[in-house]
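Commentary on secondary and tertiary structure
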Amino acid sequence: DPQEKELATASKRRLRRFIVIDEVVDKLYGSKVRAYFEENNVQHKILALPTTEETKSMDLVLNILHEVQSFGLDRRTEPIIAIGGGVCLDIVGLAASLYRRRTPYIRVPTTLLSYVDASVGAKNGVNFLQCKNKLGGYTPPVASFLDRSFIRSIPRRHISNGLGEILKMALMKHKGLFDLLKKHGKYLLDTKFQSCNGFAHHGDAALQTTRIAIETMLEELAPNLWEDDLDRLVDFGHLISPELEMRVLPSLMHGEAVNIDMAFMTYVAHARGLLGAEEKEQILQCMQGLELPVWHSGCSWALIQRALRERLKHSGGQTRMPLPTGLGVADIFNDTSEETLERAYKLWVKD
């Protein structure tokens, strides 16, 4: 906006920014980030940190806050900038929400998973006592800047990991998105979600899938940003996976654990008669085409029971289990019997 630009440049005070960047991202893009701020005459501090599930803790939040305090920020006009994957965005979001009760922050996702998931919504948090995101809050960013060129440099497994969250939205809300993933999944993996010329028969599959995934996510989150209503379709894949992911760290990535949860829940939907055998197979084939795991030895019957007990504790005494009732349509159920769950588990393991 020319008027905003004029106001910003007319100010005699030099612009200042505090940036937290994942240390791997810093090695790849740090020089460009520094050059950008220097060319625009912005006084800046860049803090490169190891942001992984294993380091996602209050200790790291406090480390960031010590540096923020040392740098000094205007809590209204100088947003903290987070550049990294979902863990980085979660940690910085929590730090910003705590500093002076609420300092604005900006999310710049650099992985496919964070692009379609962590960049959207209000939640932030850290792990605590071996529990995923046990400490956190609801403080949305002032902006999320989405740039798919970051995704070029991430490994193929990370692309597949992000596809798990995209598939979640497809199964819950959008048959067209499911069809896109079935048709173009390998192409998206091969091209790392870049918009390539000369592939007209694929259209711009990368733009279409990310846009639909984000729009459907926003449709679900925006009316219920603070989760006052606990019946949430976006919880599909997130009933068993938090327990599984923390139990087997670091062997499973977040999207992989979510997909294993979704695969089991697909069998539950089939056992309940919500999905036919052909629909179940279509879902599993799509998952495998996206190079996502559909089973893990760590996902025992005992772990599933324990995870669902935790679910009851934190969802008002009901399981609130999102299940597909077809391809791209779903509902939430509170009446799935243990016998049905066990029958689904046995068939899942056998297959």
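Residues numbered from 1 in each chain as written. Predicted model: local features only at pLDDT ≥ 70, side-chain atom pairs only at ≥ 80, totals over all residues. Heavy atoms only, no water.

Turning next to the UniProt feature "domain: 3-dehydroquinate synthase N-terminal" (unreviewed entry) in the protein. In the numbering used here, UniProt assigns the feature "domain: 3-dehydroquinate synthase N-terminal" (unreviewed entry) to residues 48-160. In this annotation, residues 48-160 is assigned 35% helix and 25% strand; the end-to-end C-alpha distance for the span is 26 Å. (UniProt positions renumbered as here; feature names shortened; annotations may be inferred. Helix = DSSP H or I, 4+ residues; strand = E, 2+ residues; numbered from the N terminus.)

Now for helix H2 (residues 23-39). Taking 1.5 Å per residue as the helical rise, H2 with its 17 residues ought to reach 24 Å, and the 22 Å between its terminal C-alpha atoms agrees with that figure. Approximately 70° is the largest bend angle found in H2, and it occurs at Tyr29. Along H2, the residues classified as buried are Val25, Asp26, Tyr29, Gly30, Val33 and Phe37. Structurally, the start of H2 carries an N-cap: the backbone nitrogen of Val24 is 2.9 Å from a side-chain oxygen of Asp22. (Expected span 1.5 Å × (residues − 1). Bend = angle between axes of the 7 residues up to and from the residue. Buried < 20%, exposed > 50% of the residue type's maximum accessible area, 1.4 Å probe, protein only. Polar contact = N/O pair within 3.5 Å; in protein donor to acceptor, adjacent residues only side chain to side chain.)

Our focus in this paragraph is the pairing of strand S5 (residues 123-128). Taken together, the 5 bridges between S5 and strand S6 (residues 131-138) define a ladder with antiparallel strand orientation. The residue of S6 that forms the bridge with Phe128 is Cys131. The hairpin formed by S5 and S6 contains 2 residues between the paired strands, and Leu129 there has a positive phi angle of roughly 55°. (Pairing = 2+ DSSP bridges.)

The subject of this paragraph is the environment of Phe236. For Phe236, the location among the structural elements is in the loop between helix H8 (205-221) and helix H9 (241-248). Using a relative accessible area of 0% as the deciding quantity, one classes Phe236 as buried. With sequence-adjacent residues up to four places away left out, Phe236 is seen in contact with Lys168, Leu171, Met172, Val258, Met262, Met265, Pro322 and Pro324. (Contact = heavy atoms within 4.5 Å.)

This next bit is on the packing of aromatic side chains. Ring pairs (aromatic) are described by centroid distance and by the angle formed between their planes. Within this structure, the stated rule accounts for 7 aromatic pairs. Seen from their ring centres, Phe18 and Phe71 are 5.9 Å apart, and the 55° between their planes marks the pair as tilted. With Phe18 in strand S1 (residues 16-22) and Phe71 in helix H3 (residues 58-71), the pair connects residues that are 53 residues apart, well separated along the chain. In this structure Phe18 comes out as buried when scored by relative accessible area, which is 0%. Grouped by ring-pair contacts, the aromatic residues Phe264, Trp301, Tyr345 and Trp348 constitute a single cluster. (Phe/Tyr/Trp six-rings, centres within 6.5 Å; stacked < 30°, edge-to-face > 60°.)

It is worth spelling out the domain arrangement of the protein at this point. Domains assigned within the protein are domain 1 (14-152) and domain 2 (155-224 + 232-350). For domain 1 and domain 2, the distance between their C-alpha centroids amounts to 27 Å. Listed by partner, the interface residues are 20 residues for domain 1 and 29 residues for domain 2. For the pair domain 1 and domain 2, the two sides together bury roughly 2000 Å², of which 68% comes from carbon and sulfur. Of all residues in domain 1, Leu112, Leu113 and Arg148 give up the largest surface area on contact with domain 2, accounting jointly for 32% of the area buried on that side. Summed over the shared surface of domain 1 and domain 2, the result is 1 salt bridge. For the salt bridge of Lys132 with Glu245, the shortest nitrogen-to-oxygen distance reads 3.3 Å. Summed over the shared surface of domain 1 and domain 2, the result is 4 residue pairs in polar contact (both at pLDDT 80 or more). (Domains from an automatic or database assignment. Buried area = accessible area lost by both parts, 1.4 Å probe. Salt bridge = Lys/Arg side-chain N within 4 Å of Asp/Glu carboxyl O.)

Right, let's get into the pairing of strand S4 (residues 105-109). Remember that side chains alternate between the two faces of the sheet whenever the strand is regular. The buried count for S4 comes to 5 of 5 residues, which makes it a mostly enclosed element. Here S4 shows no split at all, with Tyr105, Arg107 and Pro109 on one side and Ile106 and Val108 on the other all buried. In this structure, strand S3 (residues 80-84) lies alongside S4, joined through 5 bridges in parallel fashion. Bridging across to S4, Gly84 finds its partner in Pro109.

Applying the stated criterion across every chain, the model contains 0 disulfides. Free cysteine: Cys131, not disulfide-bonded; nearest cysteine sulfur from Cys299 at 17 Å. For Cys131, a relative accessible area of 30% puts it in the partly exposed group. (Disulfide = S-S within 2.5 Å.)

What follows is about the environment of Val234. Assignment of secondary structure puts Val234 in the loop between H8 and H9. Sequence separation between Val234 and Glu39 is 195 residues; the distance between their C-alpha atoms is 41 Å. Contact partners of Val234, with chain neighbours within four places excluded, come to Lys168, Met169, Met217, Glu220 and Leu221.

The subject of this paragraph is the nonpolar core. Of all hydrophobic cores here, the largest spans 70 residues; its most connected members are Leu167, Ile240 and Phe264. Ranked by residues supplied to this core, first place goes to helix H10 (residues 254-271) with 10 residues. Residues from two domains meet in this core; each of domain 1 (14-152) and domain 2 (155-224 + 232-350) gives at least three. Filtering out sequence-adjacent residues up to four positions away, Leu167 remains in contact with Phe178, Leu181, Asn259, Met262, Cys286, Met287 and Leu290. Core analysis: the next-biggest nonpolar cluster, separate from the first, contains 25 residues, Leu49, Cys88, Ile91 and Ala95 among them. (Core = buried A, V, L, I, M, F, W, Y, C linked by side-chain atoms within 4.5 Å.)

Quick look at helix H12 (residues 301-314) now. Each turn of an α-helix holds 3.6 residues, which means side chains three or four residues apart point in the same direction. Taking 1.5 Å of rise per residue, 14 residues should cover 20 Å, and H12 covers 20 Å from first to last C-alpha, within 8% of that figure. All of the buried residues in H12 are Trp301, Leu303, Ile304, Ala307, Leu308 and Arg311. Down the axis of H12, the buried side of the element spans an arc of 155°, and every buried residue falls inside it. Those residues of H12 that are exposed and aimed more than 90 degrees away from the buried face are Arg309 and Lys313. Contacts made by the buried residues of H12 are with H9, H10, strand S8 (321-326) and helix H13 (338-350). (Arc of directions from axis to C-beta.)

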